[in-house]
Amino acid sequence: MGKGGGEAVGTAGDGDGKEVNLAAWLVSVNNLKIQPFELPPLGPHDVRVRMKAVGICGSDVHYLKTLRCAHFVVKEPMVIGHECAGVIEEVGSEVKSLVAGDRVALEPGISCWRCKHCKGGRYNLCPDMKFFATPPYHGSLANQVVHPADLCFKLPDNVSLEEGAMCEPLSVGIHACRRAEVGPEKTVLIMGAGPIGLVTMLAARAFGAPRIVIVDVDEYRLSVAKSLGADEVVKVSTSAQDLDEEVVRVQEAMGADIDVSFDCAGFSKTMSTALNATRAGGKVCLVGMGHNEMTVPLTSAAAREVDIVGIFRYKDTWPLCLEFLKSGKIDVKPLITHRYGFSQKEVEEAFEVSARGGDAIKVMFNL
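Because the structure is a prediction, the values reported are computed rather than measured.

## Brief notes about the overall build of the chain
Right, on to step 1. Within the chain one finds 11 helices and 22 strands.
Right, on to step 2. A compact globule built from 367 residues should have a C-alpha radius of gyration of about 21 Å, and the chain, at 21 Å, falls within 12% of that.
Right, on to step 3. Its C-alpha atoms give the chain principal-axis dimensions of about 70 × 40 × 35 Å.
Right, on to step 4. Scored against the burial criterion, the 367 residues of the chain give a buried share of 54%.
Right, on to step 5. In the chain, of all internal contacts separated by at least 6 residues, the share reaching a separation of at least 24 is 70%.
Right, on to step 6. Both charge centroids of the chain, one from 39 positive and one from 46 negative side chains, sit 3 Å from each other.

Following this line, the structure appears as structure tokens:
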């Protein structure tokens, strides 16, 4: 959530000249409205952040189109958005690490820190996670939000606010690479050249993967992947009948055993391709959530001892994201293809562009 919901501080003024905090509310299917959003009192360990850059994620589009994403269902109006960065406006009485004026990237999930997952270090699995724009918690496409200071990470001087907002999707790729144990001796196959496939590719390269092949049905996205450093790209069809032939083409494109595969789409065909293409003893990481259920060749994969791991969001990734961005080891700027301001018309248009796909990779709001 941040920690807010309803009306008071931002860009519009009320009759007393006081700022009114405005946010993009998901009101119903395909219906976003910029309306007042009340912020909670600032807690001693909280900060108030003026949003400057907010990206649109695929989950935001799912909520807009269907009011649901996986098992999360929007049952009442909700502020959208969770990929964000901004500038500190106010700090709580106990906050020592940040001051007003600091530029920060926000990690969007507030875990309980009491459950066994949190205590064991896997706080991303916390059952009581309060996550920006995941019902019933509000998001961050607003003039301002209140958020815990320990989830706000100061940006290096050479990292922009837009790049700071990109830490959220990049974190998915970094967490996936950690889970799959990508390194300098691991060749990598990536199914899907959408935003998450592309950040996973960038992360895999930063982790030292010597050769990366990326697969998609879309020629434009493959060309973007190639420009960002993919060693080879393979265009495939959506037909399951082509699977066996495409597995051979993917393996030939790699020119060596495929050690690790990432399914960043999450469909039966993409997961089947990954399982069949990966070498015996290799690893497949399911990142995308295209379908809740799949039909895949598990028996043959098990017989070859292909390990399957899943990921859910990320944990402790922002410091490494910022280090990769600061050092230039990862450049996310080319992924930002469209930019919009924060008006009713621009919010509607931005979501339409993002939902349409085509040449849109990451759509970013500049507030």
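## Description of the sheet that holds strand S17 (residues 232-235)
Right, on to step 1. Read from one edge of the open sheet, 6 strands run S17-S16-S15-S18-S19-S20, paired in parallel fashion. For this open sheet the edge positions go to S17 and strand S20 (307-310), each flanked by a neighbour on one side alone. Between one strand axis and the next, the sheet turns through 20° on average, direction left out of account.
Right, on to step 2. Looking at chain direction, strand S15 (residues 188-191) and strand S16 (residues 212-216) are connected through 4 bridges and run parallel. By the bridge assignment, Met-191 is partnered in S16 with Val-215.

## With respect to the packing of helix H7 (residues 243-254) against helix H8 (residues 268-277)
Right, on to step 1. Contact pair H7 / H8: the axes reach a minimum separation of 10 Å and the direction vectors enclose 55°. Between H7 and H8, the crossing angle belongs to the class labelled oblique. Every pair of crossing elements has a handedness; the one defined by H7 and H8 is right-handed. Residues Leu-243, Glu-246, Val-247, Val-250 and Gln-251 of H7 touch H8, and the partners they reach there are Lys-269, Ser-272, Thr-273, Asn-276 and Ala-277.
Right, on to step 2. Residues that form the contact of H7 with H8 fall into these classes: 4 nonpolar, 4 polar and 2 charged.

About the criteria used
- Residues numbered from 1 in each chain as written.
- Predicted model: local features only at pLDDT ≥ 70, side-chain atom pairs only at ≥ 80, totals over all residues.
- Heavy atoms only, no water.
- Helix = DSSP H or I, 4+ residues; strand = E, 2+ residues; numbered from the N terminus.
- Rg over C-alpha atoms; globule rule 2.2 N^0.38 Å.
- Buried < 20%, exposed > 50% of the residue type's maximum accessible area, 1.4 Å probe, protein only.
- Contact = heavy atoms within 4.5 Å.
- Lys, Arg positive; Asp, Glu negative; His and termini not counted.
- Charge placed at Lys NZ, Arg CZ, Asp CG, Glu CD.
- Pairing = 2+ DSSP bridges.
- Axes fitted to C-alpha atoms, helices over the stretch in contact; angles between N-to-C directions.
- Parallel < 35°, antiparallel > 145°, perpendicular 65-115°, else oblique.
- Left-handed = near helix turned anticlockwise from the far one by under 90°.
- Nonpolar A, V, L, I, M, F, W, Y, C, P; charged D, E, K, R; others polar.

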